[in-house]
Amino acid sequence: IPVSLAVLPPAPVIQAVTDAASLGTGALAPFSLISIWGTNLGPAAVTPLQLAGGSISTSLASTQVLVNGIPAPLLMVSAGQINAAIPGAIPAGSPATVQVIHQGVRSAAFTIQVANAAPGLFTAKSSGSGQGAILNQDLSANSSANPAAAGSIIMIFLDGAGSTTPLQADGSITTTVPSEIPKLNLPVSVQIGGMPADVLYSGPAPGALAGLSQVNARIPVGTAAGA
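These remarks concern the structure in this document. (Residues numbered from 1 in each chain as written. Predicted model: local features only at pLDDT ≥ 70, side-chain atom pairs only at ≥ 80, totals over all residues. Heavy atoms only, no water.)

**So, the overall build of the protein chain**
This is how the line gets drawn: A run of H or I in DSSP becomes a helix once it reaches four residues, and a run of E becomes a strand once it reaches two; helices and strands are each numbered from the N terminus. Here the term buried applies to any residue with accessible area under 20% of the maximum for its type, exposed to any over 50%, and partly exposed to those in between, with areas from a 1.4 Å probe on protein chains only. Throughout, a residue-residue contact means that at least one pair of heavy atoms, one from each residue, lies within 4.5 Å. Note on areas: Shrake-Rupley, 1.4 Å probe, and residue coverage restricted to the protein chains presented here. Note on charges: Lys and Arg go in the positive column, Asp and Glu in the negative column, and His and the chain ends are not counted at all. Note on charges: their place is set at NZ of Lys, CZ of Arg, CG of Asp or CD of Glu.
Within the protein chain one finds zero helices and 19 strands. The dimensions of the protein chain, computed from C-alpha atoms along their principal axes, are 85 × 35 × 30 Å. The burial tally for the protein chain puts 41% of its 227 residues in the buried class. Counting only contacts in the protein chain whose residues sit at least 6 apart along the sequence, the fraction spanning at least 24 positions is 57%. Approximately 11300 Å² of the protein chain is accessible, and the part contributed by carbon and sulfur atoms is 59%. Charge-centre separation for the protein chain: the mean point of 4 positive side chains lies 4 Å from the mean point of 6 negative side chains.

Set out below in structure tokens:
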């Protein structure tokens, strides 16, 4: 009797889903950038994003991420970690399921909570805490050795600012033409040193993936020196 065996790879296992910027485990938002942690999620070697038709691909190294069944743009895939973006069509205010498919084998569903906004600030060491990935007015990296002056403008980068008008396409790259940049649907405010700062711009970061936002704010005059 002829016998045929189909040997499947181990199933992907999702252990956690965090915000890619803050590494927080709370609610996420449409277009939030996420990190998926687990085992057998993708190839052994890290595979970076690929562009397909000007947008970031939703399939990479035989790997896909589905959020409520919708393919998510993939920024990076590996066996232990995947970075992706939540599709913009995921409704806020209710749970959503995340699944990883690698080499045709699907993980169990992992539930996340989705809110209208869930801002997470990017940090200099990608650790989710400590020094922010913030630029000074001269576009140099802010640090204790290169502080920003009170009254100057800084550029803050974050995800989780929510949807835009017009709605950006999943995986798209934000235009660099100022008059064509979509507007955030929700207002943005900034505090620096406990004081309200003037927000000069808040919206999608020009030339970056949909979901990455930029806020330009003026440090209040009188803000104390230091962190």
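What follows continues from the structure just given.
**Regarding the side chain of S78**
Following the sequence through the fold, S78 ends up in the loop between β8 (74-77) and β9 (81-85). By relative accessible area, S78 is classed as buried at 8%.

**Some points on the nonpolar core**
To keep it simple, the criterion reads: The set of buried Ala, Val, Leu, Ile, Met, Phe, Trp, Tyr and Cys residues whose side-chain atoms join them within 4.5 Å is what this entry labels a nonpolar core.
Grouped together as the largest cluster of nonpolar side chains are 21 residues, with contacts concentrated most on I36, V65, V67, I82 and I112. Those elements that provide at least two residues to this core are β1 (13-19), β2 (33-39), β6 (63-67), β8, β9 and β10 (95-102). The element contributing the most residues to this core is β10, with three residues. For I36, the residues in contact, after removing those within four places along its chain, are I14, A16, V17, L41, V65, G80, Q81, I82, V98 and V100. Counting residues in hydrophobic clusters, the runner-up holds 12 residues, among them A161, L184, V190 and A217.

**Notes on the side chain of N136**
Put simply, the rule reads: The definition of a polar contact used here is a pair of N or O atoms within 3.5 Å, where within protein one atom must be able to donate a hydrogen and the other to accept one, and adjacent residues in sequence count solely through side-chain atom pairs.
Inspection of the secondary structure puts N136 in the loop between β13 (120-121) and β14 (153-159). The class for N136 is buried, based on a relative accessible area of 4%. Of the polar contacts made by the side chain of N136, one reaches the side chain of N142; its length is 2.9 Å. A polar contact of 2.9 Å, which involves the side chain of N136, links it to the backbone oxygen of N146. Aside from chain neighbours lying at most four places away, what touches N136 is A141, N142, N146, P147, A148, I153, I154 and M155.

**Structural notes on the sheet that holds β14**
Remark on secondary structure: sheet strands pair via backbone hydrogen bonds, oriented parallel or antiparallel. This is how the line gets drawn: Note: two strands are recorded as paired if DSSP finds a minimum of 2 bridges between them.
Pairing within the open sheet is antiparallel, and its five strands lie in the order β13-β14-β19-β18-β17. Edge positions in the sheet fall to β13 and β17 (190-192), since each of these pairs with one other strand and no more. Alignment of β14 against strand β19 (residues 213-218), held across six bridges, turns out to be antiparallel. By the bridge assignment, F157 is partnered in β19 with Q214.

**Concerning the sheet that holds strand β3 (residues 47-48)**
Spatial strand order, β1-β2-β9-β8-β3: five strands in an open sheet with antiparallel pairing. Each of the sheet's edge strands pairs with one partner strand only, and the pair in question is β1 and β3. Across three bridges, the pairing between β8 and β9 is antiparallel. Bridge pairing in β9 links L74 to A84.

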